[in-house]
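# Coordinate inspection notes
Residues per chain are reported as follows:
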Amino acid sequence: MNPFRRRPDAATRSVTLLSKPGCHLCDDARVVIERVTAELGVTWTEVDITQDADLQHKYWEQIPVTLVDGAQHDFWRVDERRLRKALGG
């Protein structure tokens, strides 16, 4: 790691859960994301891909998808340890 590179502050980080109704993996992902973001003070949002044709086309087979700061981080399952690491926790 570059010692001169600053790690982003938790307040500036964001997690987005791309989900769809009736998805049990989305329910599991939501629990992990809620726990990790609450502990680290990171904001998170959930987006229903069935409300956006482009998102539905792009992510339908990967749901749930987790984005960290707008970049795809995980799909299908959220690894709590990996998410914490990505958020600097």
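Right above here is the structure, for reference.
This structure is a prediction, so every number in the text was calculated from the model and none was measured. (Residues numbered from 1 in each chain as written. Predicted model: local features only at pLDDT ≥ 70, side-chain atom pairs only at ≥ 80, totals over all residues. Heavy atoms only, no water.)

Counting through the fold element by element, Thr16 comes out in strand β1 (residues 14-19). Those residues in contact with Thr16 that sit more than four places away from it in its chain are Thr45, Val47, Val65, Thr66 and Leu67. (Helix = DSSP H or I, 4+ residues; strand = E, 2+ residues; numbered from the N terminus. Contact = heavy atoms within 4.5 Å.)

This part covers the pattern of salt bridges. Where charged atoms from two side chains of opposite charge come close, those side chains can pair. With the rule as written, the count across this model stands at eight salt bridges. Glu39 is the partner of Arg84 in a salt bridge, and the nearest nitrogen-oxygen pair spans 2.5 Å. In this pair, Arg84 is assigned in helix α3 (residues 80-86) and Glu39 in helix α1 (residues 24-40), connecting sequence segments 45 residues apart. (Salt bridge = Lys/Arg side-chain N within 4 Å of Asp/Glu carboxyl O.)

This part takes up the packing of aromatic side chains. Going through the model one piece at a time under the given rule, you end up with one aromatic pair. Centre to centre, the rings of Phe75 and Trp76 are 4.7 Å apart; their planes meet at 70°, and the pair counts as edge-to-face. The aromatic ring of Trp60 is capped on one face by Lys20, whose charged end is 3.6 Å from the ring centroid. (Phe/Tyr/Trp six-rings, centres within 6.5 Å; stacked < 30°, edge-to-face > 60°. Lys NZ or Arg CZ within 6 Å of the ring centre and 35° of its normal.)

Note the cis peptide between Ile63 and Pro64, where omega equals -5°. Along the chain, Pro64 falls in the loop between α2 (53-59) and β3 (65-68). The phi torsion at Asp69 lies on the positive side, around 55°, for a residue other than glycine. Along the chain, the position of Asp69 falls in the loop between β3 and β4 (71-75). Notably, Trp76 is not glycine yet its phi reads approximately 65°, a positive angle. With respect to the element layout, Trp76 can be found in the loop between β4 and α3.

The topology assignment puts Arg13 in the segment before β1. Taking the relative accessible area as the measure of exposure, Arg13 reaches 9% and is therefore buried. Engagement of the side chain of Arg13 in a polar contact is seen with the backbone oxygen of Ala86, the distance being 3.1 Å. (Buried < 20%, exposed > 50% of the residue type's maximum accessible area, 1.4 Å probe, protein only. Polar contact = N/O pair within 3.5 Å; in protein donor to acceptor, adjacent residues only side chain to side chain.)

Function-wise, these values are silent; they only describe arrangement.
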